[in-house]
Amino acid sequence: MLALKAEGVKTIFGYPGGSIMPVYDALYDYTRGEKKAFDHILVRHEQGATHAAEGFARVSGEVGVCIVTSGPGATNTITGVADAMIDSTPIVVIAGQVPISALGTDFFQEVDLVGLAQPISKWSYQIRHAKDIAWAVSRAFFIARNGRPGPVVLDFPKNAQTELVDFHLEKVDFVRSYIPYPKLNAEAVQAAADLINHAERPLALVGQGVELGNAQDELIAFIEKGDIPAGRTMLGLSALPSTHPLNVGMLGMHGNYAVNLKEQECDVLIAIGMRFSDRVTGSLKTYAKQAKVIHLDIDKSEINKNVRADVAVVADCKESLPAITALLNKNDHSAWRESFKPLDEKERVKVIEPAIHPTEGPLLMGEVVNVVAEATQGDAILVTDVGQNQLFATRYFKYPKRRSLCTSGGLGTMGYGMPAAIGATFGSPDRTVCCFMGDGGFQMCIEELGTIMEQQAPVKMILMNNNYLGNVRQWQDMFWNRRKSFTRMMNPCYEAIAQGYGIPYEAVTDRSTLVAAVNRMLATKGPFILECAIREEDDVLPMTPPGSNIENMLLEF
(Lines give C-alpha, C1' and ligand atoms only; values in the text may rest on other atoms or scores of the structure.)
Protein backbone atom coordinates (compact mmCIF):
# COMPACT_ATOMS: atom_id res chain seq x y z
CA MET A 1 0.00 0.00 0.00
CA LEU A 2 2.85 2.35 0.77
CA ALA A 3 4.37 1.76 -2.66
CA LEU A 4 1.07 2.61 -4.36
CA LYS A 5 0.63 5.66 -2.17
CA ALA A 6 4.12 6.83 -3.15
CA GLU A 7 3.00 6.78 -6.81
CA GLY A 8 0.09 9.08 -6.06
CA VAL A 9 -2.58 6.41 -6.47
CA LYS A 10 -5.93 7.38 -4.98
CA THR A 11 -8.41 5.13 -6.82
CA ILE A 12 -8.23 1.36 -7.22
CA PHE A 13 -10.62 -0.89 -9.15
CA GLY A 14 -10.62 -4.50 -8.05
CA TYR A 15 -12.10 -7.80 -7.03
CA PRO A 16 -10.76 -9.87 -4.10
CA GLY A 17 -9.98 -13.58 -3.98
CA GLY A 18 -7.89 -16.17 -2.19
CA SER A 19 -4.46 -15.42 -3.63
CA ILE A 20 -4.74 -11.66 -3.20
CA MET A 21 -6.37 -11.74 0.25
CA PRO A 22 -3.31 -10.49 2.16
CA VAL A 23 -3.26 -7.37 -0.03
CA TYR A 24 -6.97 -6.84 0.53
CA ASP A 25 -6.53 -7.28 4.27
CA ALA A 26 -3.92 -4.51 4.23
CA LEU A 27 -6.14 -2.42 1.94
CA TYR A 28 -8.88 -2.50 4.57
CA ASP A 29 -6.97 -0.09 6.80
CA TYR A 30 -6.10 2.24 3.91
CA THR A 31 -9.68 2.75 2.77
CA ARG A 32 -11.13 4.04 6.02
CA GLY A 33 -10.35 6.09 9.09
CA GLU A 34 -7.30 8.27 9.67
CA LYS A 35 -5.08 6.11 7.43
CA LYS A 36 -7.42 6.37 4.45
CA ALA A 37 -5.41 6.82 1.27
CA PHE A 38 -7.47 5.04 -1.40
CA ASP A 39 -10.96 4.68 -2.74
CA HIS A 40 -11.50 1.05 -3.73
CA ILE A 41 -14.20 0.41 -6.33
CA LEU A 42 -15.52 -3.14 -6.18
CA VAL A 43 -16.35 -4.16 -9.74
CA ARG A 44 -18.40 -7.21 -10.65
CA HIS A 45 -15.94 -8.80 -13.09
CA GLU A 46 -12.16 -8.52 -13.41
CA GLN A 47 -12.36 -7.48 -17.06
CA GLY A 48 -14.53 -4.62 -15.83
CA ALA A 49 -11.72 -3.62 -13.47
CA THR A 50 -9.27 -3.22 -16.34
CA HIS A 51 -11.70 -1.25 -18.49
CA ALA A 52 -12.61 0.97 -15.53
CA ALA A 53 -8.90 1.59 -14.99
CA GLU A 54 -8.61 2.45 -18.70
CA GLY A 55 -11.50 4.91 -18.53
CA PHE A 56 -9.98 6.51 -15.43
CA ALA A 57 -6.61 6.84 -17.16
CA ARG A 58 -7.97 8.19 -20.44
CA VAL A 59 -9.82 11.13 -18.90
CA SER A 60 -7.45 11.92 -16.02
CA GLY A 61 -4.06 11.43 -17.65
CA GLU A 62 -3.01 9.35 -14.63
CA VAL A 63 -2.21 5.64 -14.38
CA GLY A 64 -5.24 3.44 -13.77
CA VAL A 65 -4.85 0.66 -11.19
CA CYS A 66 -6.67 -2.62 -10.68
CA ILE A 67 -6.09 -5.45 -8.22
CA VAL A 68 -7.38 -9.00 -8.79
CA THR A 69 -6.74 -12.54 -7.64
CA SER A 70 -4.92 -15.39 -9.40
CA GLY A 71 -6.14 -17.93 -11.93
CA PRO A 72 -9.44 -16.88 -13.52
CA GLY A 73 -9.22 -13.50 -11.82
CA ALA A 74 -5.94 -12.86 -13.60
CA THR A 75 -6.99 -14.33 -16.94
CA ASN A 76 -10.16 -12.24 -16.90
CA THR A 77 -7.94 -9.15 -17.10
CA ILE A 78 -6.17 -10.23 -20.28
CA THR A 79 -8.67 -8.62 -22.68
CA GLY A 80 -8.34 -5.31 -20.86
CA VAL A 81 -4.55 -5.54 -20.89
CA ALA A 82 -4.55 -6.18 -24.64
CA ASP A 83 -6.99 -3.32 -25.15
CA ALA A 84 -4.79 -0.95 -23.15
CA MET A 85 -1.69 -2.04 -25.06
CA ILE A 86 -3.00 -1.34 -28.55
CA ASP A 87 -4.63 1.94 -27.46
CA SER A 88 -1.61 3.12 -25.42
CA THR A 89 -3.50 3.41 -22.13
CA PRO A 90 -1.42 3.45 -18.92
CA ILE A 91 -2.72 0.93 -16.40
CA VAL A 92 -1.08 -1.28 -13.78
CA VAL A 93 -2.67 -4.66 -13.09
CA ILE A 94 -1.67 -6.32 -9.79
CA ALA A 95 -2.72 -9.95 -9.67
CA GLY A 96 -2.38 -12.45 -6.85
CA GLN A 97 -0.48 -15.68 -7.46
CA VAL A 98 0.06 -18.93 -5.61
CA PRO A 99 3.17 -19.10 -3.37
CA ILE A 100 6.42 -19.58 -5.26
CA SER A 101 6.89 -22.93 -3.52
CA ALA A 102 3.75 -24.13 -5.34
CA LEU A 103 4.54 -22.74 -8.80
CA GLY A 104 4.50 -25.40 -11.48
CA THR A 105 2.45 -27.88 -9.43
CA ASP A 106 -0.97 -27.05 -10.93
CA PHE A 107 -1.87 -25.53 -7.58
CA PHE A 108 -5.47 -24.31 -7.22
CA GLN A 109 -5.96 -21.19 -9.37
CA GLU A 110 -2.38 -21.20 -10.66
CA VAL A 111 -1.73 -19.76 -14.11
CA ASP A 112 1.42 -18.42 -15.81
CA LEU A 113 0.28 -14.81 -15.91
CA VAL A 114 3.70 -13.40 -16.78
CA GLY A 115 3.89 -15.66 -19.82
CA LEU A 116 0.35 -14.78 -20.86
CA ALA A 117 0.84 -11.04 -20.46
CA GLN A 118 4.29 -10.58 -22.00
CA PRO A 119 3.14 -10.23 -25.64
CA ILE A 120 0.34 -7.77 -24.79
CA SER A 121 1.93 -5.52 -22.16
CA LYS A 122 4.83 -3.12 -21.87
CA TRP A 123 6.23 -5.15 -18.98
CA SER A 124 5.10 -8.15 -16.96
CA TYR A 125 6.95 -9.23 -13.83
CA GLN A 126 6.58 -11.62 -10.93
CA ILE A 127 7.33 -10.17 -7.48
CA ARG A 128 8.76 -13.23 -5.77
CA HIS A 129 9.86 -11.65 -2.49
CA ALA A 130 8.64 -8.77 -0.34
CA LYS A 131 11.97 -6.97 -0.57
CA ASP A 132 11.28 -6.38 -4.28
CA ILE A 133 7.82 -4.83 -3.89
CA ALA A 134 8.81 -1.17 -3.66
CA TRP A 135 11.19 -1.42 -6.61
CA ALA A 136 8.78 -3.40 -8.80
CA VAL A 137 5.82 -1.07 -8.18
CA SER A 138 7.88 2.04 -8.88
CA ARG A 139 9.31 0.48 -12.06
CA ALA A 140 5.83 -0.56 -13.16
CA PHE A 141 4.50 2.98 -12.90
CA PHE A 142 7.56 4.45 -14.58
CA ILE A 143 7.14 2.13 -17.57
CA ALA A 144 3.35 2.48 -17.73
CA ARG A 145 3.25 6.29 -17.76
CA ASN A 146 6.47 7.30 -19.57
CA GLY A 147 7.13 7.32 -23.28
CA ARG A 148 4.32 5.69 -25.21
CA PRO A 149 1.98 4.73 -22.36
CA GLY A 150 0.66 1.23 -21.87
CA PRO A 151 -0.23 -1.56 -19.47
CA VAL A 152 2.06 -3.25 -16.95
CA VAL A 153 1.20 -6.50 -15.19
CA LEU A 154 2.59 -7.45 -11.78
CA ASP A 155 2.21 -11.09 -10.71
CA PHE A 156 2.26 -11.19 -6.90
CA PRO A 157 2.80 -14.61 -5.24
CA LYS A 158 1.14 -15.01 -1.87
CA ASN A 159 4.36 -15.60 0.03
CA ALA A 160 5.66 -12.16 -1.05
CA GLN A 161 2.43 -10.63 0.22
CA THR A 162 2.87 -12.06 3.72
CA GLU A 163 6.63 -11.64 4.25
CA LEU A 164 7.65 -8.80 6.57
CA VAL A 165 10.24 -6.21 5.53
CA ASP A 166 10.88 -2.59 6.35
CA PHE A 167 9.55 -0.28 3.65
CA HIS A 168 12.16 1.73 1.79
CA LEU A 169 11.00 3.81 -1.13
CA GLU A 170 12.93 2.84 -4.28
CA LYS A 171 11.99 5.45 -6.83
CA VAL A 172 12.69 4.23 -10.38
CA ASP A 173 13.28 7.02 -12.87
CA PHE A 174 15.60 5.20 -15.27
CA VAL A 175 15.56 1.79 -16.95
CA ARG A 176 18.71 0.99 -18.88
CA SER A 177 16.94 -0.98 -21.60
CA TYR A 178 14.11 1.54 -22.05
CA ILE A 179 14.44 5.01 -23.56
CA PRO A 180 10.97 6.53 -23.22
CA TYR A 181 11.80 9.89 -24.78
CA PRO A 182 14.08 9.63 -27.81
CA LYS A 183 16.44 12.52 -28.48
CA LEU A 184 15.04 14.92 -31.05
CA ASN A 185 17.01 14.88 -34.31
CA ALA A 186 17.59 18.43 -35.57
CA GLU A 187 18.18 17.27 -39.16
CA ALA A 188 14.85 15.46 -39.23
CA VAL A 189 13.12 18.56 -37.85
CA GLN A 190 14.68 20.70 -40.59
CA ALA A 191 13.76 18.18 -43.29
CA ALA A 192 10.16 18.09 -42.08
CA ALA A 193 9.92 21.88 -42.01
CA ASP A 194 11.39 22.14 -45.52
CA LEU A 195 8.81 19.73 -46.93
CA ILE A 196 5.95 21.56 -45.24
CA ASN A 197 7.19 24.99 -46.33
CA HIS A 198 7.23 23.87 -49.97
CA ALA A 199 3.91 22.03 -49.82
CA GLU A 200 0.93 23.27 -51.78
CA ARG A 201 -1.55 20.77 -50.35
CA PRO A 202 -0.40 19.74 -46.85
CA LEU A 203 -2.65 17.60 -44.65
CA ALA A 204 -2.11 16.73 -40.98
CA LEU A 205 -3.37 13.46 -39.51
CA VAL A 206 -3.82 13.93 -35.77
CA GLY A 207 -3.72 10.86 -33.54
CA GLN A 208 -4.14 10.16 -29.86
CA GLY A 209 -0.41 10.69 -29.37
CA VAL A 210 -1.07 14.44 -29.29
CA GLU A 211 -3.41 13.99 -26.35
CA LEU A 212 -1.19 11.46 -24.59
CA GLY A 213 1.69 13.92 -24.91
CA ASN A 214 -0.43 16.87 -23.69
CA ALA A 215 0.57 18.65 -26.89
CA GLN A 216 -2.81 20.11 -27.86
CA ASP A 217 -1.58 23.71 -27.70
CA GLU A 218 1.56 22.82 -29.66
CA LEU A 219 -0.58 21.17 -32.33
CA ILE A 220 -2.77 24.24 -32.73
CA ALA A 221 0.27 26.52 -33.02
CA PHE A 222 1.72 24.19 -35.66
CA ILE A 223 -1.32 23.92 -37.92
CA GLU A 224 -2.20 27.60 -37.58
CA LYS A 225 1.25 28.84 -38.59
CA GLY A 226 1.41 26.46 -41.54
CA ASP A 227 -2.31 26.89 -42.36
CA ILE A 228 -2.61 23.10 -42.48
CA PRO A 229 -5.99 21.37 -42.51
CA ALA A 230 -6.09 18.58 -39.95
CA GLY A 231 -8.04 15.34 -39.84
CA ARG A 232 -8.29 13.35 -36.63
CA THR A 233 -8.26 9.63 -36.00
CA MET A 234 -11.07 8.23 -33.86
CA LEU A 235 -8.86 8.14 -30.75
CA GLY A 236 -7.51 11.59 -31.57
CA LEU A 237 -10.88 13.31 -31.87
CA SER A 238 -10.58 15.47 -28.75
CA ALA A 239 -6.93 16.37 -29.42
CA LEU A 240 -8.19 19.22 -31.62
CA PRO A 241 -11.43 21.09 -30.84
CA SER A 242 -14.27 20.20 -33.20
CA THR A 243 -14.90 23.90 -33.74
CA HIS A 244 -11.36 24.76 -34.84
CA PRO A 245 -11.45 26.17 -38.40
CA LEU A 246 -8.61 23.87 -39.51
CA ASN A 247 -10.41 20.75 -38.31
CA VAL A 248 -11.58 18.89 -41.41
CA GLY A 249 -13.15 15.88 -39.73
CA MET A 250 -12.60 12.30 -38.72
CA LEU A 251 -10.34 9.93 -40.60
CA GLY A 252 -11.07 6.31 -41.25
CA MET A 253 -13.51 3.75 -42.57
CA HIS A 254 -16.54 5.64 -41.23
CA GLY A 255 -14.96 9.07 -41.03
CA ASN A 256 -15.77 12.17 -43.03
CA TYR A 257 -15.88 12.08 -46.81
CA ALA A 258 -13.71 15.06 -47.71
CA VAL A 259 -10.72 14.39 -45.48
CA ASN A 260 -10.54 10.76 -46.53
CA LEU A 261 -10.58 11.58 -50.22
CA LYS A 262 -8.12 14.44 -49.77
CA GLU A 263 -5.56 12.02 -48.33
CA GLN A 264 -5.28 10.86 -51.93
CA GLU A 265 -4.69 14.40 -53.21
CA CYS A 266 -2.37 16.01 -50.66
CA ASP A 267 1.28 16.49 -51.57
CA VAL A 268 2.62 16.34 -47.98
CA LEU A 269 1.03 14.09 -45.37
CA ILE A 270 1.98 14.84 -41.76
CA ALA A 271 1.09 12.01 -39.38
CA ILE A 272 1.26 13.11 -35.74
CA GLY A 273 1.06 10.50 -32.99
CA MET A 274 -0.90 7.97 -35.04
CA ARG A 275 -0.10 4.48 -36.28
CA PHE A 276 -1.65 4.27 -39.77
CA SER A 277 -4.27 1.74 -38.75
CA ASP A 278 -5.88 -0.28 -41.54
CA ARG A 279 -9.15 1.44 -40.61
CA VAL A 280 -7.52 4.74 -41.62
CA THR A 281 -5.53 3.73 -44.68
CA GLY A 282 -7.73 1.20 -46.43
CA SER A 283 -5.57 -0.62 -48.97
CA LEU A 284 -1.90 0.18 -48.34
CA LYS A 285 -1.11 -0.53 -52.00
CA THR A 286 -2.80 2.69 -53.07
CA TYR A 287 -2.73 4.80 -49.92
CA ALA A 288 -1.36 8.36 -50.39
CA LYS A 289 1.18 7.28 -53.00
CA GLN A 290 1.30 10.85 -54.39
CA ALA A 291 2.37 12.36 -51.07
CA LYS A 292 5.60 12.89 -49.22
CA VAL A 293 5.04 11.45 -45.77
CA ILE A 294 6.28 12.99 -42.52
CA HIS A 295 5.71 10.80 -39.47
CA LEU A 296 6.01 12.21 -35.95
CA ASP A 297 5.89 9.53 -33.27
CA ILE A 298 7.47 8.77 -29.92
CA ASP A 299 7.65 5.06 -30.75
CA LYS A 300 10.29 4.17 -33.35
CA SER A 301 8.61 0.83 -34.03
CA GLU A 302 5.69 2.66 -35.67
CA ILE A 303 7.95 4.27 -38.27
CA ASN A 304 7.71 2.48 -41.65
CA LYS A 305 5.60 -0.28 -40.07
CA ASN A 306 2.63 0.31 -42.35
CA VAL A 307 3.38 3.43 -44.39
CA ARG A 308 6.87 4.40 -45.51
CA ALA A 309 7.97 7.78 -44.15
CA ASP A 310 10.07 10.17 -46.22
CA VAL A 311 10.94 12.00 -43.00
CA ALA A 312 10.66 10.42 -39.55
CA VAL A 313 10.75 12.60 -36.44
CA VAL A 314 11.04 10.20 -33.51
CA ALA A 315 10.36 12.16 -30.34
CA ASP A 316 7.65 13.31 -27.97
CA CYS A 317 5.32 15.47 -30.07
CA LYS A 318 5.24 18.06 -27.29
CA GLU A 319 8.90 18.60 -28.18
CA SER A 320 8.90 17.90 -31.92
CA LEU A 321 5.89 20.02 -32.88
CA PRO A 322 7.22 23.36 -31.54
CA ALA A 323 10.65 22.58 -32.98
CA ILE A 324 9.13 22.22 -36.45
CA THR A 325 6.77 25.16 -35.94
CA ALA A 326 9.71 27.44 -35.22
CA LEU A 327 11.06 26.70 -38.73
CA LEU A 328 7.78 27.07 -40.60
CA ASN A 329 6.90 29.96 -42.85
CA LYS A 330 3.61 31.68 -42.07
CA ASN A 331 1.53 30.23 -44.87
CA ASP A 332 -1.82 30.52 -46.61
CA HIS A 333 -3.42 27.41 -48.11
CA SER A 334 -6.91 28.85 -48.46
CA ALA A 335 -7.44 27.46 -51.98
CA TRP A 336 -6.54 23.96 -50.76
CA ARG A 337 -8.81 24.30 -47.76
CA GLU A 338 -11.67 25.57 -49.90
CA SER A 339 -11.44 22.44 -52.03
CA PHE A 340 -12.72 20.41 -49.08
CA LYS A 341 -16.02 22.27 -48.92
CA PRO A 342 -17.87 20.77 -51.92
CA LEU A 343 -17.13 17.29 -50.61
CA ASP A 344 -18.21 18.29 -47.10
CA GLU A 345 -21.46 19.63 -48.52
CA LYS A 346 -22.06 16.44 -50.47
CA GLU A 347 -21.70 14.41 -47.26
CA ARG A 348 -23.88 16.83 -45.33
CA VAL A 349 -26.74 16.54 -47.81
CA LYS A 350 -26.56 12.80 -48.52
CA VAL A 351 -25.53 11.46 -45.10
CA ILE A 352 -25.43 13.87 -42.17
CA GLU A 353 -28.76 15.67 -42.45
CA PRO A 354 -30.76 12.45 -42.99
CA ALA A 355 -28.91 10.86 -40.05
CA ILE A 356 -29.39 13.60 -37.45
CA HIS A 357 -32.58 15.33 -38.63
CA PRO A 358 -34.92 12.62 -39.95
CA THR A 359 -38.56 13.56 -40.32
CA GLU A 360 -40.26 10.17 -40.31
CA GLY A 361 -39.84 6.57 -39.33
CA PRO A 362 -38.21 5.06 -36.22
CA LEU A 363 -35.46 6.76 -34.26
CA LEU A 364 -31.95 6.79 -35.73
CA MET A 365 -28.70 6.51 -33.79
CA GLY A 366 -27.32 9.69 -35.33
CA GLU A 367 -30.21 11.83 -34.13
CA VAL A 368 -29.98 10.40 -30.61
CA VAL A 369 -26.27 11.24 -30.45
CA ASN A 370 -26.89 14.70 -31.87
CA VAL A 371 -29.59 15.49 -29.31
CA VAL A 372 -27.35 14.39 -26.42
CA ALA A 373 -24.39 16.34 -27.84
CA GLU A 374 -26.45 19.52 -28.12
CA ALA A 375 -27.98 19.08 -24.67
CA THR A 376 -24.58 18.67 -22.99
CA GLN A 377 -23.22 21.74 -24.85
CA GLY A 378 -19.83 20.19 -25.44
CA ASP A 379 -19.02 19.71 -21.76
CA ALA A 380 -19.54 15.94 -21.56
CA ILE A 381 -17.13 13.06 -21.85
CA LEU A 382 -18.16 10.56 -24.50
CA VAL A 383 -17.71 6.88 -23.69
CA THR A 384 -18.79 4.27 -26.20
CA ASP A 385 -19.01 0.56 -26.48
CA VAL A 386 -18.10 -1.04 -29.83
CA GLY A 387 -20.22 -1.37 -32.93
CA GLN A 388 -22.60 1.00 -34.68
CA ASN A 389 -23.14 2.88 -31.41
CA GLN A 390 -19.43 3.71 -31.38
CA LEU A 391 -19.32 4.83 -34.99
CA PHE A 392 -22.42 7.02 -34.83
CA ALA A 393 -21.41 8.46 -31.46
CA THR A 394 -17.87 9.40 -32.44
CA ARG A 395 -19.09 10.91 -35.73
CA TYR A 396 -21.80 13.14 -34.26
CA PHE A 397 -20.60 14.05 -30.78
CA LYS A 398 -18.74 17.33 -30.23
CA TYR A 399 -15.26 17.70 -28.71
CA PRO A 400 -14.45 21.26 -27.64
CA LYS A 401 -12.52 20.04 -24.59
CA ARG A 402 -9.47 17.83 -24.12
CA ARG A 403 -9.64 14.22 -22.98
CA SER A 404 -13.30 13.95 -23.92
CA LEU A 405 -13.40 10.49 -25.49
CA CYS A 406 -13.06 6.93 -24.17
CA THR A 407 -13.54 4.16 -26.70
CA SER A 408 -11.88 0.89 -27.61
CA GLY A 409 -10.05 1.64 -30.83
CA GLY A 410 -7.52 -0.97 -31.89
CA LEU A 411 -8.96 -4.05 -30.20
CA GLY A 412 -12.63 -3.14 -30.65
CA THR A 413 -13.74 -4.66 -27.35
CA MET A 414 -17.47 -5.12 -26.87
CA GLY A 415 -18.32 -4.73 -23.19
CA TYR A 416 -15.78 -1.91 -22.81
CA GLY A 417 -18.31 0.92 -22.53
CA MET A 418 -20.03 0.60 -19.17
CA PRO A 419 -16.96 -0.16 -17.01
CA ALA A 420 -14.87 2.46 -18.85
CA ALA A 421 -17.61 4.99 -18.11
CA ILE A 422 -17.51 4.05 -14.43
CA GLY A 423 -13.77 4.72 -14.42
CA ALA A 424 -14.29 8.02 -16.23
CA THR A 425 -16.65 9.26 -13.51
CA PHE A 426 -13.86 8.77 -10.97
CA GLY A 427 -11.15 10.14 -13.25
CA SER A 428 -13.06 13.32 -14.03
CA PRO A 429 -15.80 13.69 -11.40
CA ASP A 430 -16.71 17.25 -12.38
CA ARG A 431 -17.81 16.35 -15.92
CA THR A 432 -20.92 14.58 -17.24
CA VAL A 433 -20.15 11.11 -18.59
CA CYS A 434 -22.39 9.90 -21.42
CA CYS A 435 -22.01 6.25 -22.38
CA PHE A 436 -23.52 5.06 -25.66
CA MET A 437 -24.05 1.31 -25.97
CA GLY A 438 -25.82 -1.08 -28.28
CA ASP A 439 -27.96 -3.88 -26.93
CA GLY A 440 -25.15 -6.38 -27.62
CA GLY A 441 -22.42 -4.48 -25.79
CA PHE A 442 -24.74 -3.55 -22.93
CA GLN A 443 -25.39 -7.23 -22.22
CA MET A 444 -21.68 -8.08 -22.39
CA CYS A 445 -21.01 -5.89 -19.35
CA ILE A 446 -24.42 -5.83 -17.72
CA GLU A 447 -23.05 -7.08 -14.40
CA GLU A 448 -21.33 -3.72 -13.90
CA LEU A 449 -24.74 -2.21 -13.23
CA GLY A 450 -24.05 -3.59 -9.75
CA THR A 451 -20.95 -1.40 -9.49
CA ILE A 452 -22.92 1.61 -10.70
CA MET A 453 -25.66 0.84 -8.18
CA GLU A 454 -23.24 0.53 -5.26
CA GLN A 455 -21.15 3.56 -6.13
CA GLN A 456 -24.03 5.63 -7.52
CA ALA A 457 -21.57 6.39 -10.33
CA PRO A 458 -23.28 9.13 -12.38
CA VAL A 459 -23.07 7.36 -15.74
CA LYS A 460 -25.68 8.50 -18.23
CA MET A 461 -26.24 5.29 -20.19
CA ILE A 462 -27.82 5.67 -23.61
CA LEU A 463 -28.87 2.22 -24.78
CA MET A 464 -29.45 2.26 -28.53
CA ASN A 465 -31.53 -0.87 -29.01
CA ASN A 466 -32.00 -2.12 -32.56
CA ASN A 467 -32.41 -5.82 -31.67
CA TYR A 468 -29.30 -6.65 -33.67
CA LEU A 469 -25.55 -6.89 -33.45
CA GLY A 470 -25.83 -3.89 -35.71
CA ASN A 471 -22.37 -3.55 -37.20
CA VAL A 472 -22.08 -7.23 -38.04
CA ARG A 473 -25.61 -7.10 -39.50
CA GLN A 474 -24.58 -4.17 -41.71
CA TRP A 475 -21.58 -6.08 -43.02
CA GLN A 476 -23.75 -9.12 -43.63
CA ASP A 477 -26.14 -6.96 -45.65
CA MET A 478 -23.34 -5.30 -47.62
CA PHE A 479 -20.91 -8.14 -48.22
CA TRP A 480 -22.68 -11.43 -47.39
CA ASN A 481 -25.84 -11.27 -49.51
CA ARG A 482 -27.98 -10.12 -46.56
CA ARG A 483 -27.60 -13.50 -44.87
CA LYS A 484 -28.15 -12.38 -41.28
CA SER A 485 -26.46 -15.27 -39.53
CA PHE A 486 -27.04 -15.08 -35.75
CA THR A 487 -27.01 -11.31 -35.47
CA ARG A 488 -30.62 -10.77 -34.42
CA MET A 489 -30.95 -10.63 -30.63
CA MET A 490 -33.74 -11.43 -28.22
CA ASN A 491 -33.50 -8.72 -25.59
CA PRO A 492 -34.63 -8.76 -21.96
CA CYS A 493 -36.86 -6.17 -20.35
CA TYR A 494 -34.32 -3.47 -19.61
CA GLU A 495 -36.83 -1.53 -17.52
CA ALA A 496 -37.13 -4.49 -15.14
CA ILE A 497 -33.34 -4.81 -15.01
CA ALA A 498 -32.97 -1.11 -14.22
CA GLN A 499 -35.61 -1.43 -11.52
CA GLY A 500 -33.76 -4.38 -10.01
CA TYR A 501 -30.61 -2.28 -9.71
CA GLY A 502 -32.50 0.80 -8.52
CA ILE A 503 -31.32 2.88 -11.48
CA PRO A 504 -33.68 5.47 -13.01
CA TYR A 505 -34.89 4.43 -16.45
CA GLU A 506 -36.86 5.84 -19.34
CA ALA A 507 -37.68 4.49 -22.79
CA VAL A 508 -37.99 6.58 -25.95
CA THR A 509 -39.90 5.13 -28.89
CA ASP A 510 -40.89 8.34 -30.65
CA ARG A 511 -38.69 11.29 -31.63
CA SER A 512 -41.26 13.76 -30.33
CA THR A 513 -40.27 12.76 -26.77
CA LEU A 514 -36.52 12.42 -27.31
CA VAL A 515 -35.34 15.91 -26.34
CA ALA A 516 -37.39 16.00 -23.15
CA ALA A 517 -36.21 12.52 -22.15
CA VAL A 518 -32.55 13.46 -22.69
CA ASN A 519 -33.00 16.59 -20.58
CA ARG A 520 -34.58 14.55 -17.79
CA MET A 521 -31.68 12.10 -17.94
CA LEU A 522 -29.11 14.89 -17.65
CA ALA A 523 -31.03 16.58 -14.84
CA THR A 524 -31.20 13.39 -12.78
CA LYS A 525 -28.54 13.09 -10.12
CA GLY A 526 -26.54 9.87 -10.34
CA PRO A 527 -26.89 7.13 -12.96
CA PHE A 528 -29.60 6.85 -15.58
CA ILE A 529 -30.54 4.40 -18.34
CA LEU A 530 -32.19 5.89 -21.43
CA GLU A 531 -33.33 3.14 -23.80
CA CYS A 532 -33.93 4.31 -27.36
CA ALA A 533 -35.79 2.11 -29.84
CA ILE A 534 -33.65 2.40 -32.98
CA ARG A 535 -34.57 1.48 -36.54
CA GLU A 536 -33.35 -2.08 -36.98
CA GLU A 537 -31.53 -1.47 -40.26
CA ASP A 538 -29.91 1.86 -39.50
CA ASP A 539 -26.57 1.84 -41.34
CA VAL A 540 -23.37 3.78 -40.65
CA LEU A 541 -22.26 5.85 -43.62
CA PRO A 542 -19.95 6.93 -45.21
CA MET A 543 -18.03 3.68 -45.38
CA THR A 544 -14.86 2.52 -47.08
CA PRO A 545 -15.30 -1.20 -47.76
CA PRO A 546 -12.66 -3.24 -45.89
CA GLY A 547 -9.44 -3.59 -47.86
CA SER A 548 -10.62 -1.10 -50.48
CA ASN A 549 -8.96 2.09 -51.64
CA ILE A 550 -10.08 5.03 -49.52
CA GLU A 551 -11.19 7.01 -52.58
CA ASN A 552 -13.87 4.31 -52.97
CA MET A 553 -15.66 5.56 -49.88
CA LEU A 554 -19.41 5.02 -50.15
CA LEU A 555 -22.04 7.62 -49.29
CA GLU A 556 -24.84 5.14 -49.92
CA PHE A 557 -25.40 1.51 -50.81
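Note: the structure precedes this text.
Values in this document were obtained by computation on a predicted structure and should not be read as measured data.

**Details of the packing of helix H17 (residues 365-376) against helix H24 (residues 514-523)**
Then, number 1: Relative orientation of the contacting elements H17 and H24 amounts to 50°, with a least axis distance of 10 Å. Overall, the two elements H17 and H24 adopt an arrangement that is oblique. Classified by chirality, the crossing of H24 by H17 is right-handed. On H24, the residues touching Glu367, Val368, Val371, Val372, Ala375 and Thr376 of H17 are Leu514, Val515, Val518, Asn519 and Leu522.
Then, number 2: By residue class, the composition of the contact of H17 with H24 is eight nonpolar, two polar and one charged.

**Points about a nonpolar patch on the surface**
Then, number 1: On the surface, Leu2, Phe167 and Leu169 cluster together into a nonpolar patch covering about 270 Å² of accessible area.
Then, number 2: By the element assignment, phenylalanine 167 lies in the loop between helix H8 (158-162) and helix H9 (186-197).
Then, number 3: Judged by relative accessible area, phenylalanine 167 falls into the partly exposed class, the value being 38%.

**What about the packing of aromatic side chains?**
Then, number 1: The full count for this structure, using the stated rule, is 14 aromatic pairs.
Then, number 2: Aromatic pair phenylalanine 13 and phenylalanine 426: ring centres 6.1 Å apart, planes at 75°, arrangement edge-to-face. Remark: phenylalanine 426 occurs in helix H19 (residues 417-427) and phenylalanine 13 occurs in strand S1 (residues 11-14); sequence separation between them is 413 residues.
Then, number 3: Among the residues examined, phenylalanine 426 registers a relative accessible area of 23% and is labelled partly exposed.
Then, number 4: For the pair tryptophan 123 and tryptophan 135, a centre-to-centre distance of 6.0 Å together with 90° between the ring planes defines the contact as edge-to-face. Taken together, the residues tryptophan 123 in strand S5 (residues 123-126) and tryptophan 135 in helix H7 (residues 133-145) connect sequence positions twelve residues apart.
Then, number 5: Since its relative accessible area comes to 14%, tryptophan 123 is described here as buried.
Then, number 6: One aromatic cluster in this structure is built from Phe13, Phe56 and Phe426.
Then, number 7: A cation sits over an aromatic face here: arginine 32 above tyrosine 28, 3.9 Å from the ring centre.
Then, number 8: Over the ring of tryptophan 123 we find arginine 139, and its NZ or CZ is 4.5 Å from the ring centre.

**Structural notes on the sheet that holds strand S13 (residues 381-384)**
Then, number 1: Ordered by their spatial adjacency, six strands build an open sheet running S14-S13-S15-S16-S18-S17, and the pairing between neighbours is parallel. The open sheet has two edge strands, strand S14 (405-406) and strand S17 (505-508), and neither has a second partner.
Then, number 2: Pairing geometry for S13 and S14, over two bridges, is parallel. Counterpart to valine 383 in the pairing with S14 is cysteine 406.

Conventions adopted
Residues numbered from 1 in each chain as written. Predicted model: local features only at pLDDT ≥ 70, side-chain atom pairs only at ≥ 80, totals over all residues. Heavy atoms only, no water. Axes fitted to C-alpha atoms, helices over the stretch in contact; angles between N-to-C directions. Helix = DSSP H or I, 4+ residues; strand = E, 2+ residues; numbered from the N terminus. Parallel < 35°, antiparallel > 145°, perpendicular 65-115°, else oblique. Left-handed = near helix turned anticlockwise from the far one by under 90°. Contact = heavy atoms within 4.5 Å. Nonpolar A, V, L, I, M, F, W, Y, C, P; charged D, E, K, R; others polar. Patch = residues over 30% accessible without salt bridge, like charges linked within 9 Å, V, L, I, M, F, W, Y side chains within 5 Å. Areas by Shrake-Rupley, 256 points an atom, 1.4 Å probe, with all protein chains shown as cover. Salt bridge = Lys/Arg side-chain N within 4 Å of Asp/Glu carboxyl O. Buried < 20%, exposed > 50% of the residue type's maximum accessible area, 1.4 Å probe, protein only. Phe/Tyr/Trp six-rings, centres within 6.5 Å; stacked < 30°, edge-to-face > 60°. Lys NZ or Arg CZ within 6 Å of the ring centre and 35° of its normal. Pairing = 2+ DSSP bridges.

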